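Listed here are the chains, written in short residue letters.
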Amino acid sequence: QRIRSGAGFSWKHNDADGLNNLESLDGRSTFSGYESIEEPDVLITSCCEISGKSWITIDPCPFYPEGGGQISDTGTLTDVDTGEIFQVKQCTRLSGDRIALMLDHPVNVGKRVSACVNQEKRHGSSIHHTATHLLNAGLRKYVNGAIVQAGSLVTSDKLRFDFTHSKPLTPEMVSQIE
């Protein structure tokens, strides 16, 4: 995670899985996930296969990409003509604020689909994302600002908050923070 969290790219690493090739996805992808978790009419703007996995960009895109310790959204795309359903397994951020989606099987550029984010997973991640900020604020307030966040993991069912401090927290500090 520490390697992947660098410099605005969720895949900045040694490229053992070939994800740096995702930049070949040159289609437009405008994030719409703050306004809605469903988009009834979405265009598949580019696609490629990397390490046996199908990756696409869509526009607009309601799926939140992995980043800053938070896992990505998952969900479905449904072909508006045939009703075929594609599972969105993972999302990652590309340069230019574009988002790449990994699907369970290939799909063609130019296809129109509806997009639906897994609402339960998004809601759980949202709650734990907010809790991470509250925990950080509590630590700074009750440990006199002497802590440094060293990472986090935010999923739909848990959060992990890593921090450094010059000495162990006392039971009283833990109680105040809670």
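Scoring rules and cut-offs
Residues numbered from 1 in each chain as written. Predicted model: local features only at pLDDT ≥ 70, side-chain atom pairs only at ≥ 80, totals over all residues. Heavy atoms only, no water. pLDDT = per-residue confidence, 0-100. Contact = heavy atoms within 4.5 Å. Pairing = 2+ DSSP bridges. Helix = DSSP H or I, 4+ residues; strand = E, 2+ residues; numbered from the N terminus. Buried < 20%, exposed > 50% of the residue type's maximum accessible area, 1.4 Å probe, protein only.

A. Spatial organisation of the confidence of the model for the protein. With 89% of its residues at a pLDDT of 70 or more, the protein shows a mean pLDDT of 87. Contacts of residues 1–14 to residues separated by more than four positions or lying in other chains number 30 contacts, the stretch itself having pLDDT below 50.

B. Just the pairing of strand β4 (residues 85–93), in detail. Pairing analysis gives four bridges linking strand β3 (residues 75–79) to β4, with the strands arranged antiparallel. Within the sheet, the bridge partner assigned to Gly75 lies in β4 and is Val88. Between β3 and β4, which pair antiparallel in sequence order, lie five residues; one of them, Gly83, sits at a positive phi of approximately 80 degrees. Bridging between β4 and strand β5 (residues 99–103) involves five bridges; their strand directions are antiparallel. Residue pairing in the sheet places Thr92 in a bridge with Ala100 of β5. Where β4 folds back on β5, the antiparallel hairpin that results is connected by five residues, among which Gly96 adopts a positive phi of roughly 70 degrees.

C. Looking closely at unusual backbone geometry. The peptide bond linking Asp59 to Pro60 adopts the cis configuration, its omega dihedral lying at -5 degrees. By the secondary structure assignment, Pro60 is in the loop between β2 (53–59) and β3. Notably, Ser51 is not glycine yet its phi reads approximately 50 degrees, a positive angle. Among the secondary structure elements, Ser51 is positioned in the loop between β1 (38–50) and β2. What makes Ser51 exposed here is its relative accessible area of 54%.

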